[in-house]
Amino acid sequence: MPAPVAVAIWSAIARATACSSSNSSGDLGDVNWTGVLAAFIALVLLGGVWFTFLFSKPYNISLGRDASAKPVASPLFFAGPPLTSLVITLTSAFLLAVLKIDSWADALVFGLVVGVGYLVANTVTIAINPNFPRPLQYALVSGGYNLVGSVLVSTVLVVI
């Protein structure tokens, strides 16, 4: 999606969901862009460490591959996860701004709610598929990453 189209979509969503308080515009101007950059980098690094070092063997086994299998290096492999991490980070930043979440404790709760309520639940739904030889193991590994990542992104966005 071209950048101007993405900005137009985000702006439309911001206007549609703007808070009614007079001191809040509820738009992209309320997003902590430095926090977005820091949270994005943190999430990408977490993904690399999580799936390369911490859980590579269980992840491979959950997919029915040899435990020591290496991923096929392709443009999609290198670009896909950072792009989706950017979407997750931008969405969280936008929601935190619109909801006026500005304390680390509230960000932690937000990260847990989004992590469990959307990301982990969706990961489990995806895993319950006849193509996953070990769906619960996949859900634990990938869902765990999504939960930790959601909490990480949310707290970094508020703390920075």
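Our structure is the block above this text.
Below or above, wherever it landed, is the structure these notes cover. Along every chain, residues carry numbers that run from 1 in the direction the sequence is written. The predicted origin of the model limits local features to residues at a pLDDT of at least 70 and limits the giving and counting of side-chain atom pairs to 80 or more, whereas totals for whole chains, interfaces and linings rest on all residues. For the side-chain quantities, the full set of heavy atoms in the structure was used; hydrogens and water were omitted.

## Focus on the packing of helix α2 (residues 33-54) against helix α6 (residues 135-159)
Every angle, taken between N-to-C directions, lies between 0 and 180 degrees, and every axis is a line fitted to C-alpha atoms, over only the stretch in contact when it is a helix. The secondary structure listing takes helices from DSSP runs of H or I that are at least 4 residues long and strands from runs of E that are at least 2 residues long, numbered from the N terminus. Between α2 and α6, whose axes approach to 9 Å, the crossing angle comes to 155°. On the basis of the axis angle, α2 is roughly antiparallel to α6. The crossing of α2 and α6 is right-handed. Contacts from Gly-35, Val-36, Ala-38, Ala-39, Ala-42, Leu-43, Leu-46, Gly-47, Trp-50 and Phe-51 of α2 reach α6 at Val-141, Ser-142, Gly-144, Tyr-145, Val-148, Gly-149, Leu-152, Val-153, Val-156 and Leu-157. The class makeup of the residues in the contact of α2 with α6 is 15 nonpolar, five polar and no charged. If an angle is under 35 degrees, it is roughly parallel; if it is over 145, roughly antiparallel; if it lies from 65 to 115, roughly perpendicular; otherwise it is oblique. Here is the rule for handedness: rotate from the far helix to the near one, and if that takes an anticlockwise turn smaller than a right angle the crossing is left-handed, while a clockwise turn gives right-handed. Throughout, a residue-residue contact means that at least one pair of heavy atoms, one from each residue, lies within 4.5 Å. In this count, Pro and Cys sit with the nonpolar residues alongside Ala, Val, Leu, Ile, Met, Phe, Trp and Tyr, while Asp, Glu, Lys and Arg are called charged and the others, Gly among them, polar.

## A closer look at the pattern of salt bridges
Side chains that differ in sign of charge can pair as their charged atoms come close. When a carboxyl oxygen of Asp or Glu lies within 4 Å of a side-chain nitrogen of Lys or Arg, that pair is called a salt bridge. Tallied over the entire structure, the rule returns one salt bridge. For Asp-30, the salt bridge is made with Lys-100, and the minimal N-O distance between the two is 3.8 Å. Of the two residues, Asp-30 is situated in the loop between α1 (3-16) and α2 and Lys-100 in the loop between α4 (75-98) and α5 (104-127); the sequence distance between them amounts to 70 residues.

## Focus on the packing of aromatic side chains
Classification of ring pairs uses Phe, Tyr and Trp, with its six-membered ring standing for Trp, and accepts pairs whose centres are within 6.5 Å; under 30 degrees between planes counts as stacked, over 60 as edge-to-face, and the remaining range as tilted. Counted by the stated rule, this structure contains seven aromatic pairs. Their ring planes at 75° and their centres at 5.0 Å tell us that Phe-77 and Phe-78 sit as a pair that is edge-to-face. Classification of residues uses two cut-offs on accessible area relative to the type maximum, computed with a 1.4 Å probe and protein chains only: under 20% is buried, over 50% is exposed, and between them is partly exposed. Among the residues examined, Phe-77 registers a relative accessible area of 39% and is labelled partly exposed. Here the aromatic residues Trp-50, Phe-51, Phe-55, Tyr-59, Phe-132, Tyr-138 and Tyr-145 are joined through ring pairs into a cluster of three or more.

## Notes on the side chain of Asn-146
Topologically, Asn-146 is positioned in helix α6. Its relative accessible area of 15% is what places Asn-146 among the buried residues. A polar atom in the side chain of Asn-146 sits 2.8 Å from the side chain of Thr-123. Residues within four places of Asn-146 in sequence aside, it is in contact with Leu-119 and Thr-123. Nitrogen and oxygen atoms within 3.5 Å of one another constitute a polar contact, given that in protein one can donate a hydrogen and the other can accept it, and given that sequence-neighbouring residues count only through two side-chain atoms.

## Topic: α2
Taking 1.5 Å per residue, 22 residues should reach 32 Å; α2 reaches 30 Å between its end C-alpha atoms and fits that length. Looking only at α2, the buried set comprises Gly-35, Val-36, Ala-39, Leu-43, Leu-46, Gly-47 and Trp-50. All buried residues of α2 fall inside an arc of 105° around its axis, so they share one side. Of the exposed residues in α2, those oriented more than 90 degrees away from the buried face are Thr-34, Leu-37, Leu-45 and Phe-53. Summarising the contacts, the buried residues of α2 are in contact with α3 (56-62), α4 and α6. Of the residues that open α2, the one with a side-chain oxygen 3.3 Å from the backbone nitrogen of Thr-34 is Asn-32. By definition here, a helix of n residues has an expected span of 1.5 Å times n minus one. In this context, the arc is that of the directions from the helix axis out to the C-beta atoms.

## Some details on the layout of surface pockets
Taken as a whole, the largest pocket holds about 1100 Å³ of empty space. A cavity here means a set of points on a 1 Å grid, drawn over the protein atoms and nothing else, where a 1.4 Å probe fits but cannot get out; a pocket is an open set with protein on both sides within 12 Å along at least five of seven lines, and a residue lines either one if it has an atom within 4 Å of a point. Taken together, 36 residues form the lining of the largest pocket, with Gly-47, Phe-51, Tyr-59, Phe-77 and Pro-81 sitting closest to its centre. Among the elements that take part in the lining of the largest pocket, α4 stands out by supplying nine residues, more than any other. Grid points are joined across faces, edges and corners, and a volume is the space filled by probe spheres set on the points.

## So, the nonpolar core
Definition of nonpolar core: a set of buried residues of the types Ala, Val, Leu, Ile, Met, Phe, Trp, Tyr and Cys, connected through side-chain atoms within 4.5 Å. If you look at the biggest cluster of nonpolar residues, it comprises 19 residues, and the most contacted ones within it are Leu-96, Ile-101 and Leu-157. For this core, the leading source of residues is α6, giving six residues. When neighbours within four sequence positions are excluded, Leu-157 is seen to be in contact with Asn-32, Gly-35, Val-36, Ala-39, Thr-89, Ser-92, Ala-93 and Leu-96.

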